[in-house]
Amino acid sequence: AQSVTQPDIHITVSEGASLELRCNYSYGATPYLFWYVQSPGQGLQLLLKYFSGDTLVQGIKGFEAEFKRSQSSFNLRKPSVHWSDAAEYFCAVGLLTSGTYKYIFGTGTRLKVLA
Amino acid sequence: EAGVAQSPRYKIIEKRQSVAFWCNPISGHATLYWYQQILGQGPKLLIQFQNNGVVDDSQLPKDRFSAERLKGVDSTLKIQPAKLEDSAVYLCATRSQGLRTEAFFGQGTRLTVV
C-alpha cells in the first residue's frame, strides 16, 4: 500500500541554523511529490512540488527539496531558518489509483525555532 | 485568483447535534476533496468529488457523515449526529484537471464536539 513517512514528529532548531526535514514514501512508480506548510489555524500552503526532471526543486520562502529515487526520499531543506518558519510541515504523494487522483499525506513534522 | 473558501472557521457543538460545513472551490477546479485532520495528524481523505459525482468515499463514515457537491461547484459536508471523536479540522481542497497539478486548500473549519 502507498504510504508517506515523516520520521521526525518534532524538530527544534535555532534561528539562522540549517534545516532538513525527512520524508520517505512507498509507491511502485515515480510519484508526484509535494511539501506543504501549515501555520496555526491555517490551511495547507504549497511550498514546492516535484513531477519530473531536475531532482533538486526550489520552492517558496527559500526552501528546496531533493528527490532521491534510490532512497525513496524527498527531503526538505533550508540553509538558514527564520523564526517565521515555525509551523507544521507535511510531505505528500500524489498518485493515480483506480482511475482517481489522490494525495496521501505524512503525519507531519512540527518545527520550533529558537531565537 | 481567489482561493478555496470555507465556512464557518470555527464551530462548537454538543455531541449528538448536527453540523454542516461549506466549501467554495477555485473557479474551474473539477476535483474537490474533503479531509479530516485530527490534532497532531496529517490530513485524512473523507470524500473526493469529480465535478458533481463522488469518485471515492471509502473513508467516509456514512452512518453519520454525508456530503454533496451542488452543480459541480460548492460542496457541503454534514455530520449528524456528531460524536466527541469528530473533533478535528475539516479541510476542503480543490485541484484542476491533469496529473501535474497540486491541491489548493482552504483555511479549514475547526470543529469542537463537547
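Rules behind the numbers
- Residues numbered from 1 in each chain as written.
- Chains lettered and ligands numbered in written order.
- Predicted model: local features only at pLDDT ≥ 70, side-chain atom pairs only at ≥ 80, totals over all residues.
- Heavy atoms only, no water.
- Helix = DSSP H or I, 4+ residues; strand = E, 2+ residues; numbered from the N terminus.
- Buried < 20%, exposed > 50% of the residue type's maximum accessible area, 1.4 Å probe, protein only.
- Lys, Arg positive; Asp, Glu negative; His and termini not counted.
- Salt bridge = Lys/Arg side-chain N within 4 Å of Asp/Glu carboxyl O.
- Polar contact = N/O pair within 3.5 Å; in protein donor to acceptor, adjacent residues only side chain to side chain.
- Contact = heavy atoms within 4.5 Å.
- Pairing = 2+ DSSP bridges.
- Axes fitted to C-alpha atoms, helices over the stretch in contact; angles between N-to-C directions.
- Buried area = accessible area lost by both parts, 1.4 Å probe.
- Disulfide = S-S within 2.5 Å.

Engineer: Go over the side chain of Arg69 of chain B, please, and point to the residues and values.
Structural biologist: Residue and element names in this part refer to chain B. Position of Arg69 relative to the elements: it lies in strand S7 (residues 65–69). Despite its burial, Arg69 pairs with no opposite charge, the nearest such side chain being Asp74 at 7.4 Å. A distance of 2.9 Å separates a polar side-chain atom of Arg69 from the backbone oxygen of His29. At 2.5 Å, the side chain of Arg69 forms a polar contact with the backbone oxygen of Ala30. Leaving out residues up to four positions away in the same chain, Arg69 has contacts with Pro25, His29, Ala30, Thr31, Leu32, Phe49, Gln50, Asn51, Asn52, Asp74 and Ser75.

Engineer: Break down the sheet that holds strand S3 (residues 19–24) of chain B for me, citing the residues and quoting the values.
Structural biologist: Residue and element names in this part refer to chain B. Across the sheet, four strands lie side by side as S1-S3-S8-S7; this open sheet has antiparallel pairing. Pairing within the sheet leaves two strands with one partner each, and these edge strands are strand S1 (5–7) and S7. Strand-to-strand twist across the sheet, computed as the mean angle between neighbouring axes with direction ignored, equals 15°. By the bridge criterion, five bridges tie S3 to strand S8 (residues 75–79) in an arrangement that is antiparallel. Looking at S8, one finds that Ala20 is bridged to Lys78.

Engineer: Provide a residue-level description of the pattern of salt bridges, including the pertinent values.
Structural biologist: Think of it this way: side chains of opposite charge can pair up when their charged atoms draw near. Evaluated as defined, the whole model comprises nine salt bridges over all chains. The shortest N-O distance in the salt bridge between Glu66 of chain A and Arg77 of chain A comes to 3.2 Å. Here Glu66 of chain A, found in strand S8 (residues 64–68), pairs with Arg77 of chain A, found in strand S9 (residues 73–78); they are 11 residues apart in sequence, far enough to count as distant. We classify Glu66 of chain A as partly exposed; its relative accessible area is 23%. When the shortest N-O distance is used, the salt bridge between Lys62 of chain B and Asp57 of chain B registers 3.8 Å. The exposure class of Asp57 of chain B is partly exposed, given its relative accessible area of 26%.

Engineer: Tell me about unusual backbone geometry, and name the residues and values.
Structural biologist: All names here are of chain B. In this structure, Pro8 follows Ser7 across a cis peptide bond, with omega equal to -10°. As for its placement among the helices and strands, Pro8 is situated in the loop between S1 and strand S2 (10–13). Of note, the amide linkage connecting Gln80 to Pro81 takes the cis form, showing an omega dihedral of -5°. Within the element layout of this structure, Pro81 appears in the loop between S8 and strand S9 (88–95). For Arg16, which is not a glycine, the phi torsion comes out positive at approximately 80°. Topologically, Arg16 is positioned in the loop between S2 and S3. Its identity is not glycine, yet Lys71 carries a phi of approximately 55°, on the positive side.

Engineer: Break down the interface of chain B and chain A for me, citing the residues and quoting the values.
Structural biologist: Listed as interface residues are 22 residues of chain B and, on the opposing side, 21 residues of chain A. Counting each side, the surface lost to burial between chain B and chain A is near 1900 Å², with a carbon and sulfur contribution of 52%. At the junction of chain B with chain A, the criterion picks out two salt bridges. For Lys49 of chain A, the salt bridge is made with Glu102 of chain B, and the minimal N-O distance between the two is 2.9 Å. Counting the contacts that link chain B with chain A gives 12 residue pairs in polar contact (both at pLDDT 80 or more).

Engineer: Now, about the state of the cysteines: what can you tell me, with residues and values included?
Structural biologist: Joining two cysteines, a disulfide is a covalent bond between their sulfur atoms. Scanning all chains against the criterion turns up two disulfides over all chains. Between the sulfur atoms of Cys23 of chain A and its disulfide mate Cys91 of chain A the distance is 2.0 Å. Taking the sign of the torsion about the S-S bond as the criterion, the disulfide between Cys23 of chain A and Cys91 of chain A, at about -65°, is left-handed. Separated by 68 residues along the polypeptide, Cys23 of chain A in the loop between strand S3 (19–21) and strand S4 (24–26) and Cys91 of chain A in strand S10 (residues 87–97) bring together distant segments of the chain. Judged by its relative accessible area of 0%, Cys91 of chain A is buried. Here Cys23 of chain B pairs with Cys92 of chain B through a disulfide, and the sulfurs are 1.9 Å apart. When the S-S torsion is -65°, as for the bridge of Cys23 of chain B with Cys92 of chain B, the disulfide is left-handed. Of the two residues, Cys23 of chain B sits in strand S3 while Cys92 of chain B sits in strand S9, which places them 69 residues apart along the sequence.

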